[in-house]
Amino acid sequence: MNPTERFLKYISFDTQSSETAGTTPSTPGQLVLARELANELEVLGLDEVSLDGNGYLMATLPATPGYEEVSVIGFIAHLDTSPDASGADIRPRIVKYEGGDILLNEQDGTVLSPRQFPELKEYVGQEIIVTDGRTLLGADDKAGVAAIISAVAYLKEHPETAHGKIRIGFTPDEEIGAGADRFDVEKFGCQWAYTVDGGQIGELEYENFNAASAKVTFKGLNVHPGYAKDKMVNASYLAMEFASWLPVAQRPEHTAGYEGFFHLTHMCGTVEEATLSYIIRDHEHSLFEEKKKSLQWFVNRMNEMHPGSASLEIRDQYYNMREVVEPKKFIIDYAFRAMTQVGVTPLVKPIRGGTDGARLSFMGLPCPNIFAGGHNFHGRFEFLPVPSLEKCTQTIVKIAELVAAAPAK
């Protein structure tokens, strides 16, 4: 199978993760796909294929004879798709893009338009894979899975392409921030690795947000509304007031580049109790800490106005991998050179998000991120240019070649 065929096969599996399940993996479909991939890797002839009960799949492509001393490197992708949109019954379509709008769903008139997504214009003349406007596509990160397996299949079928030992790993629950929770770095056994979880062609990322989640809970006092004067405290109104205090300029829709944000992801409430759920992001650690402190300051302010009404829970999720990866810049250099040599212009930029690689880097496995080719992740307008997926596969092969041609690190 070529990368596109693999991708279309993998997205037929519903692997949407769940933030409320409390299990690993959080949904059974991830384990179903992992078993399918394990079988495929065994058929390809890879060694040390292992799948644990938590959905972590690892395998080895042995070194070309004579290249056993080459640095052991890894490639990692995640099995799950985002909880933000359905990943069930995905109906993909390959279209030759000639410009203008693409009608995704005739029944409801859903179109993928360059007016809303101007990056489409970069792919005129190319085949792109789109949805039917009802679900996400799953390029995040089944494009990465397809590229990695296609790359090791190519290396297996072309023994004249020298490479060292290569480890591949597929993780569950990356989309809910748990992909690295049970990843066994020692078992993986690499000097460094690359997550193949980036977006547009050429992306090369080794710095990401510092990240935390926050939950603000408001307690009210409910009495009959006919007799509520000077007695009722409506928790939902407290939540609305609190949300209005946070700076509008620090919302995701008003930030770019290195700018951080507070993002309200969920809200629910009654008169008696209400909650606001936020994610907090910033590239600079000092600004990240300031954002967390400012949330606590606003909670304290609410409690001054309405004693005992508000409480805050904050949980750090991951940190900026630049601290770990930058001292070993040769890892980035390999990826940069590989892209250049396969005809891709590297786009080195910060990730406005996170990957498994961020946490893995702090667990002892330096792990920058490279493109898988998709756009508009987590929604029904997601699309994947076929040539981008092919170039991702070629980049992985070329990284392996370049590492084999250099002294072991």
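Source: prediction; values computed, not measured.

Things to note about the layout of surface pockets
Piece 1. The space that makes up the second largest pocket amounts to roughly 160 Å³.
Piece 2. Around the second largest pocket, the lining residues are Glu207, Asn210, Tyr258, His283, Glu284, His285, Tyr319, Asn320, Arg322, Glu323 and Phe362.
Piece 3. Looking at the lining of the second largest pocket, its residues break down into 3 nonpolar, 4 polar and 4 charged.

So, the sheet that holds strand β1 (residues 47-51)
Piece 1. Strand order across the open sheet formed by 8 strands is β1-β2-β8-β3-β9-β16-β10-β15, with mixed pairing between neighbours. In the strand order of this sheet, the two ends are held by β1 and β15 (347-348), each with one partner.
Piece 2. Note: strand β10 (residues 203-205) against β15, 2 bridges, orientation parallel. If you follow Leu204 over to β15, its bridge partner there is Val348.
Piece 3. Together, β1, β2 (57-61) and β8 (166-171) form the strand contacts of helix α2 (residues 28-44), whose direction differs from that of β1 by roughly 170°.
Piece 4. Seen against the sheet, helix α10 (residues 386-404) touches β3 (73-78), β8, β9 (192-198) and β16 (369-371) and runs at an angle of roughly 135° to β16.

Details of α10
Piece 1. Here α10 is 19 residues long and its end C-alpha atoms lie 28 Å apart, about the 27 Å a rise of 1.5 Å per residue gives.
Piece 2. In terms of burial, α10 is a largely internal element, 14 of the 19 residues being buried.

Brief notes about the sheet that holds strand β4 (residues 93-96)
Piece 1. The antiparallel open sheet is built from 3 strands, whose spatial order is β4-β7-β17. Single-partner strands in this sheet number two, and they are β4 and β17 (383-385). With strand direction ignored, the average angle separating the axes of adjacent strands in the sheet is 25°.
Piece 2. Examined bridge by bridge, strand β7 (residues 127-130) and β17 share 3 bridges and lie antiparallel to one another. In the sheet register, Ile129 faces β17, and the bridge partner there is Leu384.
Piece 3. Where helix α1 (residues 3-10) meets the sheet, its contacts fall on β4, β7 and β17, and the angle it forms with β7 comes to roughly 5°.
Piece 4. In this fold α10 packs onto β7 and β17, with an angle of close to 65° to the strand it touches most, β17.

A closer look at the environment of Ala147
Piece 1. For Ala147, the location among the structural elements is in helix α3 (residues 139-157).
Piece 2. Residue contacts for Ala147: discarding those within four places in its chain leaves Leu389, Cys392, Thr393 and Ile396.

Comments concerning the packing of aromatic side chains
Piece 1. This structure, assessed with the given rule, holds 15 aromatic pairs.
Piece 2. Seen from their ring centres, Trp192 and Phe330 are 5.2 Å apart, and the 85° between their planes marks the pair as edge-to-face. One end of the pair, Trp192, is in strand β9; the other, Phe330, is in helix α8 (residues 330-341), and 138 residues separate them in sequence.
Piece 3. Overall, Phe330 belongs to the partly exposed group, its relative accessible area being 24%.
Piece 4. Relative to Tyr334, the ring of Trp192 lies with its centre 5.8 Å away and its plane at 5°, an arrangement referred to as stacked. Placement of Trp192 in strand β9 and of Tyr334 in helix α8 is noted, with a sequence separation of 142 residues between them. The exposure classification of Trp192 matches that of Tyr334, with both residues buried.
Piece 5. Taken together, Phe218, Phe242, Trp245, Trp297 and Phe298 form an aromatic cluster joined through their ring pairs.

Here is what the cut-offs are and how they apply
- Residues numbered from 1 in each chain as written.
- Predicted model: local features only at pLDDT ≥ 70, side-chain atom pairs only at ≥ 80, totals over all residues.
- Heavy atoms only, no water.
- 1 Å grid on protein atoms, 1.4 Å probe; cavity = no way out; pocket = protein on both sides within 12 Å on 5 of 7 lines; lining within 4 Å.
- Points joined across faces, edges and corners; volume = space filled by probe spheres on them.
- Nonpolar A, V, L, I, M, F, W, Y, C, P; charged D, E, K, R; others polar.
- Pairing = 2+ DSSP bridges.
- Helix = DSSP H or I, 4+ residues; strand = E, 2+ residues; numbered from the N terminus.
- Contact = heavy atoms within 4.5 Å.
- Axes fitted to C-alpha atoms, helices over the stretch in contact; angles between N-to-C directions.
- Expected span 1.5 Å × (residues − 1).
- Buried < 20%, exposed > 50% of the residue type's maximum accessible area, 1.4 Å probe, protein only.
- Phe/Tyr/Trp six-rings, centres within 6.5 Å; stacked < 30°, edge-to-face > 60°.

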